Amino acid sequence: MKKVLVMLADGFEEIEAIAVVDILRRANVVCDMCSINKEYVKGTHNILIKSDCCIDDINVNEYDAIVLPGGLPGATNLNDERVKEFVNELNNEGKIVAAICAAPETLEAFGILKGKKCTSYPGFIKNKNDITYVEDIVVKDENIITSRGPATSMIFGLEILKTLGYEKEAEELKEGMMINFYNKIVK
């Protein structure tokens, strides 16, 4: 069974974190919400979330993917040496490294996006000279997955699920959660 680590720091964007956790858990993927500081983490909209674990108590090698939600100052707070170590370790093993909204800028600071294609919330990622920046909803380049922001969170979660090898479950969830319905009513 695959395992995913969703990193939480004070000021994280709640929708971006919880949508991914919800989608992965619906597909029976082990998905741990991991705090970088304390058991309870407050999101950017003052929603308090109880983490499943703390960064100092886990073995990152047990995970197949790491996800960095955006939000401010959450994405900035994830620019932490321990998070950087985890991201680099998983990336070096070819495992999934995913970031949404402002968090791709954190991946950029870690040196993960150099030579990669990616996206982010508009205005983030300062040094676009070393990357290929596109404005797609979700961008996948090898093991790196990036997305735009709160409204793209469910599609981002489904892409992570598919990349983990759960294509059938992703399609079933897309249908069951009525994500495909969106395209039929918005013109």
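Above this text is the structure in question.
Positions within a chain are numbered from 1, following the residues in the order the chain's sequence is written. For a predicted model such as this one, the threshold for reporting local features is a pLDDT of at least 70, and the threshold for listing and counting side-chain atom pairs is 80 or more; totals across whole chains, interfaces and linings nevertheless cover every residue. Hydrogen atoms and water are omitted, and side-chain values are computed over all heavy atoms in the structure.

Novice: Please explain the overall build of the protein chain as it appears in this structure.
Specialist: Helix and strand assignments come from DSSP, with helices taken as H or I runs of at least 4 residues and strands as E runs of at least 2, each series counted from the N terminus. Secondary structure assignment for the protein chain yields seven helices and 11 strands. It is over C-alpha atoms that the radius of gyration is taken, and the globule rule equals 2.2 Å times the number of residues to the power 0.38. Taking 16 Å as the expected radius of gyration for a compact globule of 187 residues, we find that the protein chain reaches 15 Å, a close match to that expectation. Its C-alpha atoms give the protein chain principal-axis dimensions of roughly 45 × 35 × 35 Å. Counting only residues that meet the buried cut, the protein chain has 53% of its 187 residues in that class. We call two residues in contact when some of their heavy atoms are within 4.5 Å. Look at the contacts in the protein chain between residues 6 or more apart in sequence, and 64% of them connect residues 24 or more apart. Accessible areas in this description were obtained via Shrake-Rupley with a 1.4 Å probe; residue shielding takes into account the shown protein chains only. Carbon and sulfur atoms form 48% of the exposed surface of the protein chain, whose accessible area is close to 8,900 Å². The sign given to each residue is positive for Lys and Arg and negative for Asp and Glu; His and the chain ends receive no count. Where a charge lies is defined by one atom per residue type: Lys uses NZ, Arg uses CZ, Asp uses CG and Glu uses CD. Computing the positive centroid from 22 side-chain charges and the negative centroid from 30, the protein chain places the two 4 Å apart. Buried means the residue's accessible area, taken with a 1.4 Å probe over protein chains only, is under 20% of the maximum for its type, while exposed means over 50%, and partly exposed covers the values in between.

Novice: Can you help me understand the pairing of strand 11 (residues 144–147) in this one?
Specialist: Both faces of the sheet carry side chains from a regular strand, because those side chains alternate between them. By the alternation rule, side chains of strand 11 split into Ile144 and Thr146 and Ile145 and Ser147, which are all buried. As judged from the four bridges shared by strand 7 (residues 96–100) and strand 11, these two strands associate in the parallel manner. Bridged to alanine 99 within strand 11 is threonine 146. Strand pairing is assigned whenever DSSP identifies at least 2 bridges connecting the two strands. As defined by bridge partners, strand 10 (residues 138–141) adjoins strand 11 across four bridges and the pair is classed as antiparallel. From the neighbouring strand, valine 139 faces strand 11, where its bridge partner is threonine 146. The hairpin turn running from strand 10 into strand 11, its antiparallel successor, is two residues long, and glutamate 142 in that turn takes a positive phi close to 55°.

Novice: What should I look at first to understand the pattern of salt bridges in this one?
Specialist: Opposite charge on two side chains allows them to pair when their charged atoms are near. When a carboxyl oxygen of Asp or Glu is within 4 Å of a side-chain nitrogen of Lys or Arg, the pair counts as a salt bridge. Counting across every chain of the model gives 11 salt bridges. Across the pair arginine 25 and aspartate 52 runs a salt bridge whose closest N-O atoms are separated by 2.7 Å. One end of the pair, arginine 25, is in helix 1 (residues 14–26); the other, aspartate 52, is in the loop between strand 4 (48–50) and strand 5 (53–54), and 27 residues separate them in sequence. Residue arginine 25 is classed as partly exposed on the basis of its relative accessible area, which comes to 39%. Of the residues examined, aspartate 52 reaches a relative accessible area of 41% and is grouped as partly exposed. Among the ionic contacts, a cluster of salt bridges with common partners joins Asp56, Asp80 and Arg82.

Geometry only, nothing functional implied.
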